[in-house]
Amino acid sequence: QVQLVESGGGLVQAGGSLRLSCAASGRTFSSYAMGWFRQAAGKEREFVAGVSRSGGNTNYADSVKGRFTISRDNDKNTVYLQMNSLKPEDTAVYSCAARPTSGLTSAWVPREYHFWGQGTQVTVSS
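Here goes a summary of the coordinates provided.

The rules we used
Residues numbered from 1 in each chain as written. Predicted model: local features only at pLDDT ≥ 70, side-chain atom pairs only at ≥ 80, totals over all residues. Heavy atoms only, no water. Salt bridge = Lys/Arg side-chain N within 4 Å of Asp/Glu carboxyl O. Helix = DSSP H or I, 4+ residues; strand = E, 2+ residues; numbered from the N terminus. Buried < 20%, exposed > 50% of the residue type's maximum accessible area, 1.4 Å probe, protein only. Phe/Tyr/Trp six-rings, centres within 6.5 Å; stacked < 30°, edge-to-face > 60°. Lys NZ or Arg CZ within 6 Å of the ring centre and 35° of its normal.

Some points on the pattern of salt bridges
Here comes step 1: Applying the stated criterion to the full structure yields four salt bridges.
Here comes step 2: With a closest N to O distance of 2.7 Å, Glu46 and Arg38 form a salt bridge.
Here comes step 3: Between Asp90 and Arg67 there is a salt bridge; the shortest N-O distance is 2.8 Å. Highlighted residues: Asp90 in the loop between strand 8 (78-83) and strand 9 (92-99) and Arg67 in the loop between strand 6 (58-60) and strand 7 (68-73), separated in sequence by 23 residues. The residues Asp90 and Arg67 share a single accessibility class, namely buried.
Here comes step 4: Salt bridges sharing common partners tie together Arg38, Glu46, Arg67 and Asp90.

As for the packing of aromatic side chains
Here comes step 1: Evaluated as defined, the whole model comprises five aromatic pairs.
Here comes step 2: Between the aromatic rings of Phe37 and Tyr113, the centroid separation amounts to 5.0 Å while the plane-to-plane angle is 80°, which identifies the pairing as edge-to-face. With Phe37 in strand 4 (residues 33-39) and Tyr113 in the loop between strand 9 and strand 10 (115-116), the pair connects residues that are 76 residues apart, well separated along the chain. For the pair shown, Phe37 and Tyr113 are each scored as buried.
Here comes step 3: What links up through ring pairs into an aromatic cluster is the set Phe37, Phe47, Tyr113 and Trp116.
Here comes step 4: Above the ring of Phe29, the side-chain terminus of Arg72 is found at 4.3 Å from the ring centroid.

Written as structure tokens, this is what we have:
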């Protein structure tokens, strides 16, 4: 198992940037593919980005492609989400999650993830 704690959320103007971090416990961090999800008020949780165990492969939701970048540092047990060119539509609670797979198959499916962080609020003003 792994425990996840997100940080870095906050209030930012449209067009601005934020970097979210997700700190993971344990020495088995590299055994998990990682994902970022978000949930806006009144809406379902949706996939944002995923990264493979090694960090060599990534994928993104169409809505954030070209603006967000997911990465990981296995030596620091941390996964990141760099968020650029933020839009009001990006406002949501962002959560990181872990699943024990080597690749990105079904990375967009929330129920495939075994462990979740508590989430961090991102608010983008116009």
